[in-house]
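As a plain string of letters, each chain reads:
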Amino acid sequence: MDFTGRDLIRGEPEKVITEKVDYLKDIGVCAVWLSPVLKSPQLDFGYDVSDFKQIDPIYGTMQDFDRMIDKFHKAGTKVLLNFVPNHTSNMHDWLKKSVKRINPYTDYFIWKDAKYVDGVRSPPNNWVARFTGPAWEWNDQRQQYYLHQFLVEQPDLDYRNPKVHDEIKDVMDFWLKRGLDGFRIDAICFIYERADFADEPESGEAGFVPTDYSYWKHVCTRDQPENVDLAKELEEFVNSYKKTESDTPKILLLECYGPPSVVMPFYGNDTRIGAAFPFNFNMLDYMNRESDVQAIKDMIAIWLANMPEGKWANWVISNHDRVRIATRMDNMLLDGIHMLQMVLPGTAITYYGDELGMEDTYVRWDQATDTFALNVGPDRFTLFDRGPSRSPFPWDDSKNAGFSDGPDLWLPINPNYWMNNMKLQTKRKSHLKTYQALATLRKSATFIYGDADVFVISKWVLALSRSYKDHPTYIVVINFNSYTETVDLLKDRPTLPHNLNVQLSSLNASINEGNLVKTNSIVLRPKAALLLTTARNDEN
Ligand code: GLC
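Quick caveat, the model's predicted, so the values are computed rather than measured. (Residues numbered from 1 in each chain as written. Predicted model: local features only at pLDDT ≥ 70, side-chain atom pairs only at ≥ 80, totals over all residues. Heavy atoms only, no water.)

Concerning the nonpolar core
Inside soluble globular proteins, nonpolar side chains tend to come together where they are buried.
Then step 1. Within the largest apolar cluster, 140 residues are counted, with the highest numbers of intra-cluster contacts made by Phe65, Trp175 and Ile188.
Then step 2. Leave out the neighbours within four places in its chain, and Ile188 touches Asn227, Leu230, Ala231, Leu254, Glu255, Cys256 and Phe266. (Core = buried A, V, L, I, M, F, W, Y, C linked by side-chain atoms within 4.5 Å. Buried < 20%, exposed > 50% of the residue type's maximum accessible area, 1.4 Å probe, protein only. Contact = heavy atoms within 4.5 Å.)

Below is the structure:
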């Protein structure tokens, strides 16, 4: 599960940590990835690190952190730290020394001389940063520009300098020695730039201005082949921490958006023994209110067909950079989406709060904290602001939803927290209960080893079945339509029994778990879903 550090470490550490560890274990989470908790001026939610070996004081101390790791491990939960190799904060000591050309830091960052046209200083090329505006920042003291693919305050490290590789491995070593189980590697597709620093062409995409990132086609600043080499180098490095056969390998989750040709090479080949895999963002990128079932089936098939033989899939439905799934699709569809995500073969990655069906929360201009959004000004900030999907987790109906006792929060909490929160969802049929039941079920052999078959029942009804040897078969049926649908599964799968048992039903399905349905006439309300099984009640 992808979890914000603020929810885990902040507050009264001992109490907060203990409670939250139990909650995550109870709902079946096996590993937690923390959003950045390292020392940072927090201009980019901590993705601007000013010291890779310290915990930011807003989250607590290193002792709090160690205690948290210990609690997680006692509960059998793995902990992954977010790691940002592409850049540091401009407050990092390495940059300060690089500005002064103090060795060995002189060439830690990507410095370039200015171009002068008619005596006027300009950046070395036309590159635009991911967070808008020129990707170059002039430094008066050093009399050169530095490259920043994200914020001005996030200078890019230069990976053509071998010393930078040593530094980041030293940082990884620091955390692995503290017992960390792996890392989520940030922005791996941005690490290298083309060595000739050529200008980038226009993308031709409508609706963007030249200072916008999408106005340009990023052929020189993204997806360079050396990024894959670096991933391999890091994977081999973390593999060296697996000392005995029985040690679990350290995990690396690699953040890279793109088509299979760009993403799949990060899986590496069979000779690599480690547990590194690229995130599968297909559900984030291609699943929305307009998607029909054929589109969803294709999106799933594309990942599975392109994944190298013998590798393990994963499915991401929300994250801290995108609109949440319940807002992007429909809150009523959430149990169905979880059934799909958790019944498909592979790791299900949950962004905190998705298990409750948390929706985006409107963030006003005066409340915005995302520098990306603040940089574009009040008229366009909502196009870029990532605050709405980052609002605090609603633990209960007490003040500030139990997130903090303070006078205000770092972002507004959803005003519906008093009627929809974690505590209430433990007491009634809820998204949380469905999530929890799925997490338990997917530990059984059928879900780990079984065949998966995704099939289109109609334009808006999708089915997914998992079967394994002589174990019971499981079938998910989801109605993506806005109207009630009657489904005949026998038409497509005539060998199925004439009645199926309801293992799980979505919040809106109006069919109780444990009931039987007729395989040839399953009635599904709009956005409702069922997980059916050939098992009899007493077999489960
Ligand atoms: C990644 C993170 C995003 C961050 C950016 C720069 O894309 O997910 O939140 O702003 O990298 O580090």
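Details of the site of the ligand
Then step 1. Residues in close proximity to the ligand include Asp44, Tyr47, His87, Phe131, Phe150, Arg184, Asp186, Glu255, His320, Asp321, Arg386 and Arg390, which together make up its full environment.
Then step 2. For the ligand, an oxygen atom lies 2.5 Å from a polar atom in the side chain of Asp321.
Then step 3. Per-class residue counts for the shell around the ligand are three nonpolar, two polar and seven charged. (Near = heavy atom within 4 Å. Polar contact = N/O pair within 3.5 Å; in protein donor to acceptor, adjacent residues only side chain to side chain. Nonpolar A, V, L, I, M, F, W, Y, C, P; charged D, E, K, R; others polar.)

What about the state of the cysteines?
Then step 1. According to the stated counting rule, one finds one disulfide in the structure shown.
Then step 2. Residue Cys189 pairs covalently with Cys256 via a disulfide, S to S 1.9 Å. Measuring handedness by torsion sign, the sulfur bridge of Cys189 and Cys256 sits at about -140° and is left-handed. Here Cys189 is found in the loop between strand E11 (182-185) and helix H6 (226-239), whereas its partner Cys256 is found in the loop between strand E12 (251-254) and helix H7 (260-263), with 67 residues between them in sequence. (Disulfide = S-S within 2.5 Å. Helix = DSSP H or I, 4+ residues; strand = E, 2+ residues; numbered from the N terminus.)

Topic: the side chain of Glu193
Then step 1. Note on placement: Glu193 falls in the loop between E11 and H6.
Then step 2. At 6.2 Å, Arg160 is the nearest oppositely charged side chain to Glu193, a buried residue that forms no salt bridge.
Then step 3. Side-chain polar atoms of Glu193 contact the side chain of Gln149, separated by 3.0 Å.
Then step 4. With residues near it in sequence (within four places) discarded, Glu193 still touches Ile110, Trp127, Leu147, Gln149, Asp156, Arg160, Cys220, Thr221 and Gln224. (Lys, Arg positive; Asp, Glu negative; His and termini not counted. Salt bridge = Lys/Arg side-chain N within 4 Å of Asp/Glu carboxyl O.)

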